[in-house]
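If you want the building blocks of each chain, they are given just below.
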Amino acid sequence: MGLKIGVLALQGDFREHAWAVEKLGAQAIQVRRPAQLEDLDGLIIPGGESTTIGKLMAQYGFIEAIPAQYKRGMAIYGTCAGAILLAKDIKESDQPRLGLMDMSIRRNAYGRQRESFEVTLDIPAIGEPGFPAVFIRAPYIEELYGTARPLATYRGHVVMAQQDRLLASSFHPELTEDTRVHAYFLALAASRGG
Ligand code: GLN
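Residues numbered from 1 in each chain as written. Predicted model: local features only at pLDDT ≥ 70, side-chain atom pairs only at ≥ 80, totals over all residues. Heavy atoms only, no water.

(A) Region of interest: the pattern of salt bridges. All chains considered together, the criterion is met by nine salt bridges. Among the salt bridges present, the one from R106 reaches E92, with a minimum N-O distance of 3.2 Å. With a gap of 14 residues between them, R106 in strand β6 (residues 101–106) and E92 in the loop between β5 (87–90) and β6 connect regions that are remote in the sequence. Assessed through its relative accessible area of 24%, R106 is described here as partly exposed. The network of salt bridges with shared partners includes D89, K91, E92, R106 and E142. (Salt bridge = Lys/Arg side-chain N within 4 Å of Asp/Glu carboxyl O. Helix = DSSP H or I, 4+ residues; strand = E, 2+ residues; numbered from the N terminus. Buried < 20%, exposed > 50% of the residue type's maximum accessible area, 1.4 Å probe, protein only.)

(B) The nonpolar core, seen in detail. Among the nonpolar cores identified, the biggest contains 36 residues, and I5, L121, I123, F135, F171 and F185 are the most heavily contacted of them. For this core, the element with the most residues is helix α5 (residues 180–190), which contributes six residues. Ignoring any residue separated from it by four or fewer positions in sequence, one finds I123 in contact with F131, L151, A152, M160, F171 and V181. (Core = buried A, V, L, I, M, F, W, Y, C linked by side-chain atoms within 4.5 Å. Contact = heavy atoms within 4.5 Å.)

(C) Region of interest: helix α1 (residues 14–23). Buried within α1 we find F14, H17, A18, A20 and V21. In a view along the axis of α1, the buried residues occupy a sector of 160°, so they form one face of it. Exposed and oriented more than 90 degrees from the buried face of α1 are W19 and K23. Packing partners of the buried residues in α1 comprise β1 (4–8), β2 (27–31), β3 (42–45), β4 (75–79) and α5. Following α1 by one or two positions, G25 has its phi on the positive side, about 85°. (Arc of directions from axis to C-beta.)

(D) Quick look at the site of the ligand. Around the ligand sit G47, G48, E49, S50, C80, A81, I84, R107, N108, I136, R137 and H172, and those are all the residues in its vicinity. The backbone of I136 places a nitrogen or oxygen atom 3.0 Å from a nitrogen atom of the ligand. Split by residue class, the shell around the ligand holds four nonpolar, five polar and three charged. (Near = heavy atom within 4 Å. Polar contact = N/O pair within 3.5 Å; in protein donor to acceptor, adjacent residues only side chain to side chain. Nonpolar A, V, L, I, M, F, W, Y, C, P; charged D, E, K, R; others polar.)

(E) Looking closely at the packing of aromatic side chains. The tally for this structure, following the rule as stated, stands at 10 aromatic pairs. Taken together, a centroid distance of 6.2 Å and an interplanar angle of 50° make the contact between Y110 and Y154 tilted. Linking Y110 in the loop between β6 and β7 (116–121) with Y154 in strand β10 (residues 149–154), this pair joins segments that are 44 residues apart in sequence. Where F117 meets Y154, the ring centres are 5.7 Å apart and the plane angle is 35°; that geometry is what we call tilted. A residue pair is termed long-range when its members are at least 10 positions apart, and F117 in strand β7 and Y154 in strand β10 qualify at 37 residues. Just as F117 is buried, Y154 falls in that class too. (Phe/Tyr/Trp six-rings, centres within 6.5 Å; stacked < 30°, edge-to-face > 60°.)

Function cannot be inferred from these measures alone, as they are strictly geometric.
Spelled out as structure tokens, the structure:
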């Protein structure tokens, strides 16, 4: 379908996202400069360390450039640290962010005992069977407002949400073989104005 999907390649596990995108037959671009955003259908902001990615984003001009391209129609998917960077409100933090999505998110919400774990998650938007969701020092979404809506919950907390052409997940779909969450995002990126 000739989709062009950028993966923000400043820090974190951007390579795994690029592989998932290519596996689905779309073109994956590793984005290191704002000019590379100009003709993208979608952008993935990977997991990693949100304070580091946020600082680098501010330094390179992405904090202005990404929202500008979002307004133009580019879809955005943030996983884990990427989801934190999409949120308007980050609990107990004033770190740099894009602040595009109407949600309040809590970093490292699962505590030290459960630094990483995998669960089978029910995500009605992608259908059956359950999705193998890997959580690594993951955040959860405490509150959604505006037009943001939940797509999946785990133990009473929202772990995947969507608002128009913005998608966020606490977990890392790029670390498993199951490409359905990436396919969902690619469909969103393909549906301009939808
Ligand atoms: N705990 C990290 C943060 O707050 C996110 C971890 C991840 O992306 N796997 O930025």
